[in-house]
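# Inside the fold
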Amino acid sequence: MIRTVDSHALECWRKAGRIASECREWARENVRPGVELRHVLETVEDMIRERGGGPGFPAQTSRNYCAAHYCSPPGDRTVYEEGDCVKVDFGVHVDGYVADTATTIDLSPDGRWEKLIRASSDALAAAIALVGTGVPVRDVGAAIERTILAAGFEPVRNLTGHGLARWKVHTSPQIPNYGERTTARFEEGTICAIEPFASTGRGWIKERGKAEVFMMFRPPAKKRSLDPKVLSEIERWRGLPIARRYFSHLDTQAVEDTLSKLTRQGSLMRYPPLVEEEGVMVAQTEHSLYIGPDGVEILTL
């Protein structure tokens, strides 16, 4: 099957990818011990806006055994520490077309996480080398798994890569980090993000902690009980994920009440931090790809 990607959409995805690449490389140079996490996240988002894009989802930075979804709360004073294994993961959208990228930085003085990080990045390279029209998704997952196992680590098996669409960060196909049984194949015209997670443990993730990231996936049934300013701010994101810190200019109690009511109505999803259940280290590397008629284009290179 061929998916149609028109010229406007493709140019938006390419621009989003270029912005994401520039911001990722800035983060790689500026994540250092003593730097506040919130400074990195908010600077990345400011850079995205300055370059003509918007956050495709809130910038996140997860350290050590936290694999994903750590997003600074308002007023966060947490700093990076020597020895950290730091993930920086964020999305960029241009006119709703989202590019997604991530990198891991070793803040140890002795390079102790370099092999783990290389296992993740080598697995991504192996996956990209294999991707193409008609290629089974399970073959790409198996290549990720082989590469990480060969390096002496375990792939995270309950986090996956994913398709990307306009105003949507997660669509089909799901791209596992192991050779999962699935009949799905990559189609021409697919835009997707591949993100191998490598772990020093058994590679199993669970939710833990307070959610700072939210996504409204259906309109609320009862709007009258909701604060109109908070609801308007949420609706402005058109279904893209948002962060609690985006509402710092609004009344705190009104924000919390609205988030709680939307959750109870079944309109809002919460995304707590995701941690490795054994408390071991996790590394992540991610690129967004376009599978076109002439082959694979790495949008976030």
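Notes on the structure in this doc start here. Note that this is a predicted model, so its numbers are computed, not measured.

### What about the side chain of S199?
Among the structural elements, S199 can be located in strand 9 (residues 197-199). Residue S199 is classed as buried on the basis of its relative accessible area, which comes to 0%. Separated by 2.9 Å, the side chain of S199 and the backbone nitrogen of G201 make a polar contact. Here S199 is in contact with L116, F153, E154, V156, E276, V280, M281 and V282, once residues within four sequence places are set aside.

### Side note on helix 2 (residues 37-50)
Taking 1.5 Å as the rise per residue, helix 2 with 14 residues should run 20 Å; its terminal C-alpha atoms sit 20 Å apart, in good agreement. When helix 2 is considered as a whole, its buried residues turn out to be L37, V40, L41, T43, V44, E45, M47 and I48. Buried residues along helix 2 sit against helix 1 (7-30), strand 1 (54-63) and strand 3 (85-94). Following helix 2 by one or two positions, G52 has its phi on the positive side, about 95 degrees.

### Digging into the pairing of strand 4 (residues 97-106)
Counting buried positions along strand 4 yields 10 of 10 residues, so the element is predominantly enclosed. Strand direction decides the pairing type here: strand 3 and strand 4, joined by 10 bridges, are antiparallel. Across the sheet, residue V92 finds its bridge partner in strand 4, namely A99.

### Considering the packing of helix 1 against helix 2
Between helix 1 and helix 2, the least distance of the axes is 10 Å, while the angle of their chain directions is 150 degrees. With respect to helix 2, the axis of helix 1 lies roughly antiparallel. For the pair helix 1 and helix 2, the sense of crossing is right-handed. Contact with helix 1, carried on its side by I19, E22, C23, W26, A27 and N30, involves H39, V40, T43, V44, M47 and I48 of helix 2 and no other residues of that element. Along the lines of polarity and charge, the residues of the contact of helix 1 with helix 2 split into eight nonpolar, three polar and one charged.

### Here's the deal with the sheet that holds strand 6 (residues 160-165)
Across the sheet, which stays open at both edges, the five strands sit in the order 7-6-8-16-17 with antiparallel pairing between neighbours. Of all strands in the sheet, those bounded by a partner on one side alone are strand 7 (168-176) and strand 17 (295-298). Between one strand and the next, the sheet's axes are offset by a mean angle of 35 degrees, whatever the strand orientation. Here strand 8 (residues 191-194) pairs with strand 16 (residues 287-292) via four bridges, running antiparallel.

### Things to note about the pairing of strand 7
Sheet topology places strand 6 next to strand 7; four bridges connect them, and they run antiparallel. If you follow T160 over to strand 7, its bridge partner there is P176.

### Observations concerning the pattern of salt bridges
Using the criterion set out here, one finds 19 salt bridges in the structure. R51 is the partner of E22 in a salt bridge, and the nearest nitrogen-oxygen pair spans 2.7 Å. A residue pair is termed long-range when its members are at least 10 positions apart, and E22 in helix 1 and R51 in the loop between helix 2 and strand 1 qualify at 29 residues. Its relative accessible area of 32% is what places R51 among the partly exposed residues. A salt bridge links E233 to R236; the nearest nitrogen and oxygen atoms lie 2.9 Å apart. On the accessibility criterion, E233 (13% relative accessible area) is buried. Classification of R236 as exposed rests on a relative accessible area of 52%.

### A word on the sheet that holds strand 12 (residues 242-243)
Judged by pairing direction, the sheet is antiparallel, and its three strands sit side by side in the order 12-11-13 without closing on themselves. Two strands bound the open sheet, and with one partner strand each, they are strand 12 and strand 13 (268-271). Pairing analysis gives two bridges linking strand 11 (residues 213-216) to strand 12, with the strands arranged antiparallel. Across the sheet, V213 pairs through a bridge with A243, a residue of strand 12. The strands touched by helix 6 (residues 252-264) are strand 11 and strand 13; relative to strand 13, the strand with the most contacts, the crossing angle is about 110 degrees.

The rules behind these values
Residues numbered from 1 in each chain as written. Predicted model: local features only at pLDDT ≥ 70, side-chain atom pairs only at ≥ 80, totals over all residues. Heavy atoms only, no water. Helix = DSSP H or I, 4+ residues; strand = E, 2+ residues; numbered from the N terminus. Buried < 20%, exposed > 50% of the residue type's maximum accessible area, 1.4 Å probe, protein only. Polar contact = N/O pair within 3.5 Å; in protein donor to acceptor, adjacent residues only side chain to side chain. Contact = heavy atoms within 4.5 Å. Expected span 1.5 Å × (residues − 1). Pairing = 2+ DSSP bridges. Axes fitted to C-alpha atoms, helices over the stretch in contact; angles between N-to-C directions. Parallel < 35°, antiparallel > 145°, perpendicular 65-115°, else oblique. Left-handed = near helix turned anticlockwise from the far one by under 90°. Nonpolar A, V, L, I, M, F, W, Y, C, P; charged D, E, K, R; others polar. Salt bridge = Lys/Arg side-chain N within 4 Å of Asp/Glu carboxyl O.

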